[in-house]
Amino acid sequence: GLGDVYKRQPLDYYLLEKGTITAWVSASRTTGTGYIFGAGIPHGTMDFAVRSDNTLRLTQQWYDADGGGNVNAFWDTDAAVITDGQWHHVAVTYDSTTTGSTEPVFFVDGVKKDSSAGTAVPTTAGSQLQLRRKVEGTKTGCGACRVITMIGGYNANVAVSGAIDEVSIWQLSMSVDQITELY
């Protein structure tokens, strides 16, 4: 059976620094931001969402070692990608390790989409994802905060306006060929 093939294990949040998030999404419009996936909600966030302008967005909250504050780095697809009410396979790959490329790559139906950075990732030595700091217990200011993971939104105000299915979180930054194979 399926259980024999796939052994479920807890998600290793350390490895979310490099990954791929995929899902099937159907929406004719969005109101606000509809979160497909998020980790570290509400402090130390990394999320993948459909925006009100029907673009896809990846957001990563970073600790900036230079000033000690937060930087909410984000990237959007350059054009609307989900507007017709049909099912679409969406994916984003990223490598946010200090030695990796921080530019994510977005895909819709197996095709790479152009995207742009809204806010850049801090480059100062010692800067890192807040999610990692939260898991390690070095993030301050959130008390006894937990690492909350959500699929489809964490309350009615940020839910996807439409439907999502088969959300997958992969702990590797997939190649174009791997994304095409999934689609």
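Placed above this text is the structure.
Each residue is numbered by its place in its chain's sequence as written, counting from 1. It should be noted that, the model being predicted, local features are given only for residues of pLDDT at least 70 and side-chain atom pairs only at 80 or more, the latter also being counted only at that level, while totals for whole chains, interfaces and linings use all residues. Side-chain metrics rest on all non-hydrogen atoms present in the structure, leaving aside hydrogens and water.

1. Quick look at unusual backbone geometry
Then comes step 1: In this structure, Asn 54 is a non-glycine residue whose phi angle is positive, near 65°.
Then comes step 2: Starting at the N terminus, helices and strands are each numbered in turn, a helix being any DSSP run of H or I of at least four residues and a strand any DSSP run of E of at least two. For Asn 54, the location among the structural elements is in the loop between β3 (46-50) and β4 (56-63).
Then comes step 3: If you check the backbone angles, Asp 109 has positive phi at about 55° while not being a glycine.

2. Concerning the sheet that holds strand β8 (residues 111-113)
Then comes step 1: When DSSP finds two or more bridges between a pair of strands, those strands are recorded as paired. In space, the 5 strands of this open sheet follow the order β8-β7-β6-β1-β12, with antiparallel pairing throughout. Among the strands making up the open sheet, the edge pair consists of β8 and β12 (163-170). For this sheet the average axis-to-axis angle between neighbouring strands, irrespective of direction, equals 20°.
Then comes step 2: Across 9 bridges, the pairing between strand β1 (residues 18-26) and strand β6 (residues 87-95) is antiparallel. Here the axes come from fitting lines to C-alpha atoms, over the contacting stretch only for helices, and the angles between their N-to-C directions go from 0 to 180 degrees.

3. Focus on the nonpolar core
Then comes step 1: Take the buried Ala, Val, Leu, Ile, Met, Phe, Trp, Tyr and Cys residues and link them wherever side-chain atoms come within 4.5 Å; each set so joined is a nonpolar core. Think of it in three bands: residues with accessible area under 20% of the maximum for their type are buried, residues over 50% are exposed, and the middle band is partly exposed, with areas taken using a 1.4 Å probe on protein chains only. In terms of nonpolar packing, the biggest core is built from 28 residues, with Ile 36, Phe 48, Leu 56, Ile 82 and Val 90 touching the most fellow members.
Then comes step 2: Secondary structure elements with two or more residues in this core: β1, β2 (34-41), β3, β4, β5 (70-77), β6 and β7 (105-108).

4. Side note on the environment of Ser 127
Then comes step 1: Assignment of secondary structure puts Ser 127 in the loop between β9 (115-119) and β10 (128-129).
Then comes step 2: Through-space distance from the C-alpha of Ser 127 to that of Trp 62 is 6.9 Å; in sequence the pair is 65 residues apart.
Then comes step 3: Only 3.0 Å separates the side chain of Ser 127 from the backbone nitrogen of Ala 65, close enough to count as a polar contact.
Then comes step 4: Two N or O atoms count as a polar contact when they lie within 3.5 Å, although within protein this holds only if one can serve as hydrogen donor and the other as acceptor, and sequence-adjacent residues are included solely when both atoms are side-chain atoms. There is a polar contact of 2.9 Å between the side chain of Ser 127 and the backbone oxygen of Thr 124.

5. Concerning the side chain of Thr 77
Then comes step 1: Mapped onto the elements, Thr 77 comes out in strand β5.
Then comes step 2: Within the structure, the side chain of Thr 77 is placed 3.2 Å from the backbone oxygen of Ala 79, a separation counted as a polar contact.

6. Here's the deal with the pattern of salt bridges
Then comes step 1: Here, a salt bridge means any side-chain nitrogen of Lys or Arg that lies within 4 Å of a carboxyl oxygen of Asp or Glu. As enumerated under the stated definition, the model contains 1 salt bridge in all.
Then comes step 2: Ionic pairing is found between Arg 57 and Asp 76, a salt bridge with its closest N-O pair at 2.6 Å. A residue pair is termed long-range when its members are at least 10 positions apart, and Arg 57 in strand β4 and Asp 76 in strand β5 qualify at 19 residues.
Then comes step 3: Judged by its relative accessible area of 17%, Asp 76 falls in the buried class.

Function cannot be inferred from these measures alone, as they are strictly geometric.
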